[in-house]
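The residues making up each chain are set out below.
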Amino acid sequence: MSEAPTSEQILRNLRRANVIATRARQFGHQPFGCVVVAPDHETVLIEHGNIGAVDHAESCAARLAWRTFNEEYLWTCTMYTTVEPCAMCAGAIYWSNIGKLVYGISESSLRDMTGDDPANPTLSLPCRQLFATGQKSIEVIGPFAELADEIEQLHRNFWKPASKA
């Protein structure tokens, strides 16, 4: 496992992921973004934004990382993502062998913003809980209250909760 990132590196990489999320939103996609960073916590290896319902930023980046780098190297890398990964993405991170995950805001915070928007039927399954069921010890760091407003800003007025009938 690689050394722990500094607070400065964490904030810088999460902000870079948020730039990717901003770009995704500008192109009409859901505002999620992530970056996969080398063990030095400086070199960005992969960046990805959301594309669609099963092409989430994290799952796409994890698959690309797995196809590009070997498992031993990925174990020393970190994925930085704006929002705690859903169960599908957490599974992709687990199977791709990325050893560390850092996220900005929790999935429960996202659920509070999206409400019952049918475009984001959020599962209530924290990634730590999912990882705990596996045989690999994926390190998880997050959320970061100091970035919540920056990340949540992209989600405000994006989601359209279904009206109560």
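Residues numbered from 1 in each chain as written. Predicted model: local features only at pLDDT ≥ 70, side-chain atom pairs only at ≥ 80, totals over all residues. Heavy atoms only, no water.

### Section: the pairing of strand β4 (residues 100-105)
Step number 1: β4 sits mainly inside the fold: six of its six residues count as buried.
Step number 2: By the bridge criterion, five bridges tie strand β3 (residues 78-83) to β4 in an arrangement that is parallel. When the bridges of β4 are listed, threonine 78 appears paired with lysine 100.
Step number 3: Crossover handedness for the path β3 to helix α4 (residues 87-96) to β4: right-handed.
Step number 4: Where β4 lies against strand β5 (residues 139-141), three bridges are found, and the strand directions are parallel. Considered in β5, the bridge of leucine 101 is made with valine 140. (Buried < 20%, exposed > 50% of the residue type's maximum accessible area, 1.4 Å probe, protein only. Helix = DSSP H or I, 4+ residues; strand = E, 2+ residues; numbered from the N terminus. Pairing = 2+ DSSP bridges. Right-handed = clockwise from strand over helix to strand, strands pointing away.)

### Notes on helix α1 (residues 7-26)
Step number 1: Over its 20 residues, α1 runs 29 Å from end to end, which matches the ideal 28 Å to within 8%, given 1.5 Å per residue.
Step number 2: Residues Gln9, Ile10, Leu11, Asn13, Leu14, Ala17, Asn18, Ile20, Ala21 and Ala24 constitute the buried set of α1.
Step number 3: Positive backbone phi, at 85°, marks glycine 28, one or two positions downstream of α1. (Expected span 1.5 Å × (residues − 1).)

### Considerations on the pattern of salt bridges
Step number 1: Applying the stated rule across the entire model yields nine salt bridges.
Step number 2: The shortest N-O distance in the salt bridge between aspartate 55 and arginine 63 comes to 3.6 Å.
Step number 3: Judged by its relative accessible area of 30%, aspartate 55 falls in the partly exposed class.
Step number 4: Overall, arginine 63 belongs to the partly exposed group, its relative accessible area being 35%.
Step number 5: Arginine 156 serves as the salt-bridge partner of glutamate 152, at 3.6 Å between the closest nitrogen and oxygen.
Step number 6: The exposure class assigned to arginine 156 is partly exposed, which follows from its relative accessible area of 32%.
Step number 7: Each member of the salt-bridge network shares a partner with another, and the members are Glu8, Arg12 and Glu42. (Salt bridge = Lys/Arg side-chain N within 4 Å of Asp/Glu carboxyl O.)

### Things to note about the pairing of β3
Step number 1: Of all six residues in β3, six are buried, a share of seventy percent or more.
Step number 2: In terms of strand pairing, strand β1 (residues 33-37) meets β3 through four bridges, oriented antiparallel. Looking at β3, one finds that valine 35 is bridged to tyrosine 80.

### Here we look at the nonpolar core
Step number 1: In terms of nonpolar packing, the biggest core is built from 23 residues, with Val36, Met79, Ile98, Leu101, Cys127 and Phe131 touching the most fellow members.
Step number 2: Residue assignment for this core shows that the elements contributing at least two residues are β1, α2 (57-68), α4, β4 and α6 (127-132).
Step number 3: Once residues within four sequence positions are removed from consideration, methionine 79 is found in contact with Cys34, Val35, Val36, Glu58, Ala61, Ala62, Ile93, Ile98, Lys100, Leu101 and Val102.
Step number 4: Core analysis: the second largest hydrophobic core is formed by 19 residues, Leu14, Tyr80, Leu110 and Phe158 among them. (Core = buried A, V, L, I, M, F, W, Y, C linked by side-chain atoms within 4.5 Å. Contact = heavy atoms within 4.5 Å.)

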